[in-house]
Amino acid sequence: MTDTDRQTADLIVDRLRDWDVERVYGYAGDGNNPLLGALRRSAAAPRFISARHEEGAAFMAVGEAKYTGRVGVVTSTQGPGAVHLLNPLYDAKLDSAPVVALVAQQHTSVLGSDYQQEIDLQTLFHDVASPFVQLVSSPEQLPMVLDRAFRSALATAQPAVLILPHDVQQAPAPEHGQAHGEVVTSPRWSTGRVLPRDEDLAEAAATIEAGEKVALLVGRGAKHAGAEVLALAEHLGAGITTSLLGKPFVDEGHALAAGTMGHLGTSASAQILQGCDTLVIIGSNDPWTEFYPAPGSARVVQIDIDPAMLGNRHPVDVGVVGEAGPTIEALLERLSPRPDSPWRTEVEHRVRAWHEIAAERAYIPAEPLNPELVVRRFAERVGADWQVAIDVGSAVYHYVRQMRLPTTVPAHLSSTLASMGCAIPFGVAAKESSPRRPVAVLAGDGAMEMLGNTELVTVAERWPQWDDPRFVILVLCNRDLSEVTWEQREMEAQPRFAPSQDVPGFDFAGYARLLGLHGVSVADPDSVEAALDEAFAADRPVLIEAVTDPDVPLLPPFPHGRQKLEAMRTGIEAEGEPGAHALELLAAYARIEEERQ
């Protein structure tokens, strides 16, 4: 193709390369054929990675953003293809991941005519991409609009959407000069350091000094400040709790690390947050408000890079705008050290007690396998150079409570949106971004049947191109949407509703083998170690199908869990004889918690 034959679609590809985009995830359709043709013609990056469904492709783009911090890019056709992007884009919006979606649209000449697959895409994406959604109505708008989309995604850590009509993509690539109405931009973006004001630091330090029982709540905003968080905790004898998004960035082997807070969290985190008189929130916007200290019971200092987050989840006494690392360093200079204190002793006791609870729960006999035991053994095999993806459902509870991973291991999931089916696409994105690093995926059978099985086909298609073939998937098969089952019992005091909760049986290991992958099945507690050893030694992606007990309780951490026991028992008792086993396990779990209060 000569320069005079270049289309606007070729200009888009060139600009993506200028923004250092290495991959575009997507699915083909007539609407984005010009863009796909330009990707085909390009002799250099970006490469096109085809998923089996637009939702899977968009989750891959979100996953790339989460694992790398760079902008993830996805493309789709118009109409149904565009609609399928919404769920992952909302995941990016709520978990603050920069994504650019290149969405095709019908020819500009037919817009407004109710043409085939014509929907109002600007309205469709208005909420999910509120910082930036733009219809490109002329070739001259590019590359300016694409530059603005990338800067918006990076600056706001939110999705940006470009709507690309078919005829605009096909039009000759424009030559930009300095004429009136032409806006010439450059593919550049940078940021500086956000440092706190001295007066805010002084007020924060005075507030923390006035407290005797300090707790930290650490979120995703402390991603690059793990060492500083530990230094602050050591300095104050403070208990460290994390949000779900903050969990990977704190060394959970530390004596002051109490684990994740919230309904799916640890008892140590719940007890420390309820017992503290001073809370320091660092880069967190965790929504589990009932697990924060009761309003008025503790002084609260919040550190965040975004002023809009201050006081967003809990009343605060002092708000400090700044990056986590430099802000903590500045605070440390103003705070008196507390090498020993009764509170530190209590925190360490709570943390040790939680580790004992987690271990004891894993070894409670189940029918046939206790999922906590399988996940615990799975995590022990994840090395420091691995990457981890977790799906939504009961798997998240087991991840939080049984997977203590090195801080060098990035672990991602759909946290705030909590969208099932994300784990396999996230794992693919992790592998495509770092082909030499092995990947571990944890999912339930419900999530696998929702989207995971579909994108397992993508794994089978992509893995021969990976430098390291290790991609180990653990599927917890209990034939139940168990998180919702336990919510029916806990939140509604109602019995399990089988028509809504039953998950059809599926031969996951056999399906993996059918795709040319390795498949392992395990249903015997004595065979778990051997099955995991076989999987982690495989020379290709492997799926472990672990048959687990749906009656293992998803008990909230005490003291909150104690308040839920009566409702849970009421719901289970209404199930009659089928609920007897669940009642026994619930009693065993509650007993373990009570014994270590």
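Residues numbered from 1 in each chain as written. Predicted model: local features only at pLDDT ≥ 70, side-chain atom pairs only at ≥ 80, totals over all residues. Heavy atoms only, no water.

In the nomenclature of an unreviewed UniProt entry, the chain corresponds to Pyruvate dehydrogenase (Quinone) from the organism Brevibacterium celere.

A.B. asks: For this particular structure, what's the right way to read the packing of aromatic side chains?
C.D. replies: The description of an aromatic ring pair rests on the distance of the ring centres and on the angle between the ring planes. As enumerated under the stated definition, the model contains 8 aromatic pairs in all. The ring of Tyr-399 has Lys-247 sitting right over it, with the charged end atom 4.9 Å from the ring centre. Over the aromatic face of Trp-486 sits the side chain of Arg-489, whose NZ or CZ is 4.5 Å from the ring centroid. (Phe/Tyr/Trp six-rings, centres within 6.5 Å; stacked < 30°, edge-to-face > 60°. Lys NZ or Arg CZ within 6 Å of the ring centre and 35° of its normal.)

A.B. asks: Is there a simple way to think about the pattern of salt bridges in this case?
C.D. replies: Any two side chains of opposite charge can pair, so long as their charged atoms come close to each other. All told, the structure shown has 36 salt bridges when counted by the stated rule. The salt bridge partner of Arg-489 is Glu-575, with a shortest N-O separation of 2.8 Å. Of this pair, Arg-489 sits in helix H18 (residues 482-492) while Glu-575 sits in the loop between helix H22 (560-573) and helix H23 (580-595), and the two are 86 residues apart along the sequence. Here Arg-489 matches Glu-575 in class, with each residue buried. Put simply, Arg-596 and Glu-595 hold a salt bridge, and the shortest N to O gap is 3.9 Å. The exposure class of Glu-595 is exposed, given its relative accessible area of 52%. The network of salt bridges with common partners includes Arg-377, Glu-380, Arg-381, Glu-529 and Asp-533. (Salt bridge = Lys/Arg side-chain N within 4 Å of Asp/Glu carboxyl O. Helix = DSSP H or I, 4+ residues; strand = E, 2+ residues; numbered from the N terminus. Buried < 20%, exposed > 50% of the residue type's maximum accessible area, 1.4 Å probe, protein only.)

A.B. asks: For this particular structure, what's the right way to read the pairing of strand S10 (residues 278-282)?
C.D. replies: Looking along a regular strand, one sees side chains alternate from face to face of the sheet. Across the 5 residues of S10, 5 count as buried, placing the element largely inside the fold. Burial of the side chains of S10 extends over both faces: Thr-278, Val-280 and Ile-282 are buried on one face and Leu-279 and Ile-281 on the other. Of the strand pairs in this sheet, strand S7 (residues 214-218) and S10 are connected by 5 bridges, and their pairing is parallel. When the sheet's bridge partners are listed, Leu-216 is paired in S10 with Val-280. (Pairing = 2+ DSSP bridges.)

A.B. asks: Please explain the side chain of Asp-445 as it appears in this structure.
C.D. replies: With respect to the helices and strands, Asp-445 occurs in helix H17 (residues 445-462). Arg-479 provides the closest opposite charge to the buried, unpaired Asp-445, separated from it by 5.9 Å. Beyond its immediate stretch of four places on either side in the chain, Asp-445 contacts Val-475, Leu-476, Cys-477, Asn-478, Arg-479, Asp-480, Val-503 and Phe-508. (Lys, Arg positive; Asp, Glu negative; His and termini not counted. Contact = heavy atoms within 4.5 Å.)

A.B. asks: I would appreciate a short explanation of the environment of Phe-48 in the present structure.
C.D. replies: Residue placement: Phe-48 occurs in strand S2 (residues 47-50). In sequence terms Phe-48 and Arg-23 are 25 residues apart; their C-alpha atoms lie 5.8 Å from each other. When residues no more than four places from it in sequence are discounted, the contact partners of Phe-48 are Val-24, Tyr-25, Gly-26, Tyr-27, Leu-36, Leu-39 and Thr-75.

A.B. asks: It is not clear to me how helix H21 (residues 528-536) should be interpreted in this structure. Could you clarify?
C.D. replies: Each α-helix turn comprises 3.6 residues. Residues three or four places apart therefore point the same way. What H21 keeps buried is the set Val-528, Ala-531, Leu-532, Ala-535 and Phe-536. Summarising the axial view, the buried residues of H21 lie within an arc of 125°, below the 170-degree limit, and thus occupy one face. Looking at the buried side of H21, the elements it contacts are helix H14 (371-380), strand S16 (471-477), strand S17 (518-522) and strand S18 (542-547). (Arc of directions from axis to C-beta.)

A.B. asks: Sorry, what's going on with the environment of Ala-430 here?
C.D. replies: Along the chain, the position of Ala-430 falls in helix H16 (residues 423-433). Residue Ala-430 is classed as buried on the basis of its relative accessible area, which comes to 0%. Sequence separation of Ala-430 and Leu-256 is 174 residues, and the distance between their C-alpha atoms is 30 Å. When near neighbours in sequence (up to four residues on either side) are disregarded, Ala-430 contacts Tyr-67, Gln-387 and Val-439.

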